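Residues per chain are reported as follows:
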Amino acid sequence: MDILKCSNLTRIYGTGGGKTVALNHVRFSVQKGEFVAIVGPSGSGKSTLLHLLGGVDRPSEGTVEVGGTDLYTLDEDKLAIFRRRHIGLVYQFYNLIPVLTAEENIVLPFLLDSRKVDTERLNEILSYLHLEDRRMYLPSQLSGGQQQRVSIGRALFTHPSLLLCDEPTGNLDRKNSEEIVSLLKESNRRFDQTVILITHDERIALQADRMLYMEDGQILRDEMIRQPCVHS
Ligand code: ADP
Ligand code: ADP
């Protein structure tokens, strides 16, 4: 089953002479349970692509379907709700709210939808991320690796269809990077969590099932590294 399908995806920034074609008619699909790495030189359009897949931008042309929903036919409010329920985003610099504790940051998207927080799920997530003893800490009281685990918890809390990560280890040392990648792999293998991750680190890219190589706003190569492990 395709969990993600995009076609003809184009993003042009600016107008006239200052115009940049950041993404040029990109087309690909991802199956549920795949772990996909996006690689390519700086400026090749990786972040632009990830933002469009995550519903946080608008394409100049083309479509993105997540679990059968055509994202950019939704109005802003519906898109925001869809995003909070079905798409998890993880950034290089964590993007945590400094005045909220680790656990408050994790459940934030839920609170924004005025939904009742499932404390069992919260405890599961804290345990999976080895953060039980840090739940009441503020981001400033946590290490970089711990902050990134909180941001992964926030992204996974709602069982998203897609987990999108933009250089999640870009700010971490080797040991913490390996820990983050093994958590993402575990989530992918045990729970068929679909993961799409941008990375500069070849060691990380080679742990994916599939690698998309971008240049000049296009996918130049789409390589299967190994069969994805899908349970059903
Ligand atoms: P990557 O993530 O591969 O480094 P980006 O998607 O960030 O690439 O950028 C692709 C191209 O789009 C680059 O030429 C970049 O300068 C340009 N770009 C990215 N964001 C903007 C923006 N907000 N306004 C104008 N140009 C942008
Ligand atoms: P249930 O199906 O009973 O709701 P889950 O299978 O969702 O339970 O969760 C059981 C365990 O898996 C918990 O430890 C939870 O933290 C973890 N978990 C669930 N989904 C994910 C995921 N996408 N990534 C990582 N861990 C997950």
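- Under an unreviewed UniProt entry, the protein chain has the name ABC transporter ATP-binding protein and belongs to Porcincola intestinalis.

### A few points about the overall build of the protein chain
Right, so step 1: When you go through the protein chain residue by residue, the secondary structure sums to 7 helices and 10 strands.
Right, so step 2: Its C-alpha atoms give the protein chain a radius of gyration of 17 Å, near enough to 17 Å, the size a compact globule of 232 residues would have.
Right, so step 3: Taken along its principal axes, the extent of the C-alpha atoms in the protein chain is 50 × 40 × 40 Å.
Right, so step 4: Counting the 232 residues in the protein chain, one finds 49% classified as buried.

### Overview of helix α1 (residues 46–53)
Right, so step 1: Among the 8 residues in α1, 6 count as buried, and that is most of the element.
Right, so step 2: Among the residues of α1, Lys46, Thr48, Leu49, Leu50, Leu52 and Leu53 are the ones counted as buried.
Right, so step 3: Where α1 ends, the next residue or the one after it, glycine 55, has phi of about 75°, a positive value.

### A look at the nonpolar core
Right, so step 1: If you look at the biggest cluster of nonpolar residues, it comprises 35 residues, and the most contacted ones within it are Ile106, Leu163, Leu184 and Leu197.
Right, so step 2: Every element with two or more residues in this core is listed here: β3 (35–39), α3 (102–112), α4 (119–128), α5 (144–156), β7 (162–166), α6 (174–191), β8 (194–198) and α7 (202–205).
Right, so step 3: What leucine 197 contacts, discounting residues up to four positions off in sequence, is Phe35, Val36, Ala37, Ile38, Cys165, Pro168, Leu184 and Ile204.
Right, so step 4: Core analysis: the second largest hydrophobic core is formed by 29 residues, Ile87, Leu89, Leu164 and Ile196 among them.

### Brief notes about the site of ligand 2
Right, so step 1: All residues in the neighbourhood of ligand 2 are listed as Arg121, Glu124, Ile125, Tyr128, Leu156, His159, Ser187, Phe191 and Gln193.
Right, so step 2: Contact distances for ligand 2 include 3.0 Å between an oxygen atom and a backbone N or O atom of glutamate 124.
Right, so step 3: Contact distances for ligand 2 include 3.1 Å between a nitrogen atom and a side-chain N or O atom of glutamine 193.
Right, so step 4: Bound to the protein, ligand 2 loses 64% of the 540 Å² it would expose on its own.
Right, so step 5: Taken atom by atom, the bulk of ligand 2 overlaps the second largest pocket.
Right, so step 6: Those elements that provide at least two residues to the shell around ligand 2 are α4 and α6.
Right, so step 7: The element best represented in the shell around ligand 2 is α4, accounting for 4 residues.

### Quick notes on the site of ligand 1
Right, so step 1: Every residue close to ligand 1 is listed here: Tyr13, Thr20, Ala22, Pro41, Ser42, Gly43, Ser44, Gly45, Lys46, Ser47 and Thr48.
Right, so step 2: Contact between ligand 1 and lysine 46: an oxygen atom at 2.8 Å from a side-chain N or O atom of the residue.
Right, so step 3: Burial of ligand 1 by the protein amounts to 57% of the accessible area it has alone, namely 560 Å².
Right, so step 4: At 3 residues, the largest contribution of residues to the shell around ligand 1 is made by α1.
Right, so step 5: Class assignment for the residues of the shell around ligand 1 results in 3 nonpolar, 7 polar and 1 charged.

### Some thoughts on the packing of aromatic side chains
Right, so step 1: The tally for this structure, following the rule as stated, stands at 1 aromatic pair.
Right, so step 2: Directly above the ring of tyrosine 137 sits arginine 134, whose terminal nitrogen or CZ lies 5.0 Å from the centroid.
Right, so step 3: The lysine or arginine in question, lysine 185, covers the ring of phenylalanine 35, its NZ or CZ lying 5.6 Å from the ring centre.

### Quick word on the sheet that holds strand β9 (residues 210–215)
Right, so step 1: With respect to topology, 6 strands assemble into an open sheet ordered β6-β7-β8-β3-β9-β10, the strand pairing being mixed. Sheet topology places β6 (87–90) and β10 (218–224) at the edges, where each strand pairs with a single neighbour. Strand-to-strand twist across the sheet, computed as the mean angle between neighbouring axes with direction ignored, equals 15°.
Right, so step 2: Sheet analysis places β6 next to β7, joined by 4 bridges and oriented parallel. For valine 90, the partnering residue across the bridge sits in β7 and is cysteine 165.
Right, so step 3: Each of β6 and β7 is contacted by helix α2 (residues 76–86), which is oriented at about 75° to β6, the strand it contacts most.

Each value, and the rule that gives it
- Here the residue index of a chain counts from 1 through its sequence in written order.
- Chain labels run from A onward and ligand labels from 1 onward, assigned in the order the entries are written.
- In keeping with the model being predicted, local features are shown solely for residues with a pLDDT of at least 70 and side-chain atom pairs are shown and tallied solely at 80 or more, while totals for entire chains, interfaces and linings include all residues.
- As a rule here, side-chain values come from all non-hydrogen atoms in the structure, and water together with hydrogens is ignored.
- Secondary structure elements are taken from DSSP: a helix is a run of H or I of four residues or more, a strand is a run of E of two residues or more, and numbering for both begins at the N terminus.
- The globule rule used here is 2.2 Å times the number of residues to the 0.38 power, and the radius of gyration it is set against is calculated over C-alpha atoms.
- Each residue is placed in one exposure class: buried if its accessible area under a 1.4 Å probe, protein chains only, is under 20% of its type's maximum, exposed if it is over 50%, and partly exposed if it falls in between.
- Nonpolar core, defined: a set of buried Ala, Val, Leu, Ile, Met, Phe, Trp, Tyr and Cys residues in which side-chain atoms within 4.5 Å join the residues together.
- Contacts were defined at the residue level, with two residues in contact if any of their heavy atoms lie within 4.5 Å.
- For this description, a residue counts as near a given molecule or strand if any of its non-hydrogen atoms is within 4 Å of it.
- Nitrogen and oxygen atoms within 3.5 Å of one another constitute a polar contact, given that in protein one can donate a hydrogen and the other can accept it, and given that sequence-neighbouring residues count only through two side-chain atoms.
- Areas reported here follow the Shrake-Rupley algorithm with a probe of radius 1.4 Å; residue values treat only the protein chains shown as occluding.
- Within this scheme a cavity is a closed region of a 1 Å grid, computed over the protein atoms alone, that accommodates a 1.4 Å probe without allowing it to escape, whereas a pocket is open but has protein on both sides within 12 Å along at least five of seven lines; lining residues each have an atom within 4 Å of a point.
- In this scheme, a molecule is assigned to a cavity or pocket if more than half of its atoms are within 2 Å of the grid points.
- For this classification, Asp, Glu, Lys and Arg are treated as charged, while Ala, Val, Leu, Ile, Met, Phe, Trp, Tyr, Cys and Pro are nonpolar and the rest, including Gly, are polar.
- The pairing test for Phe, Tyr and Trp rings, Trp by its six-membered ring, is centres within 6.5 Å, and the orientation test on the planes gives stacked under 30 degrees, edge-to-face over 60, and tilted for anything in between.
- Here, over-ring charges are defined by two tests on the NZ atom of lysine or the CZ atom of arginine: distance to the ring centre within 6 Å, and angle to the ring normal within 35 degrees.
- Two strands are said to pair when DSSP picks up at least two bridges between them.
- Axes here refer to lines fitted to C-alpha atoms; in helices the fit is confined to the stretch in contact. Angles between the N-to-C directions go from 0 to 180 degrees.

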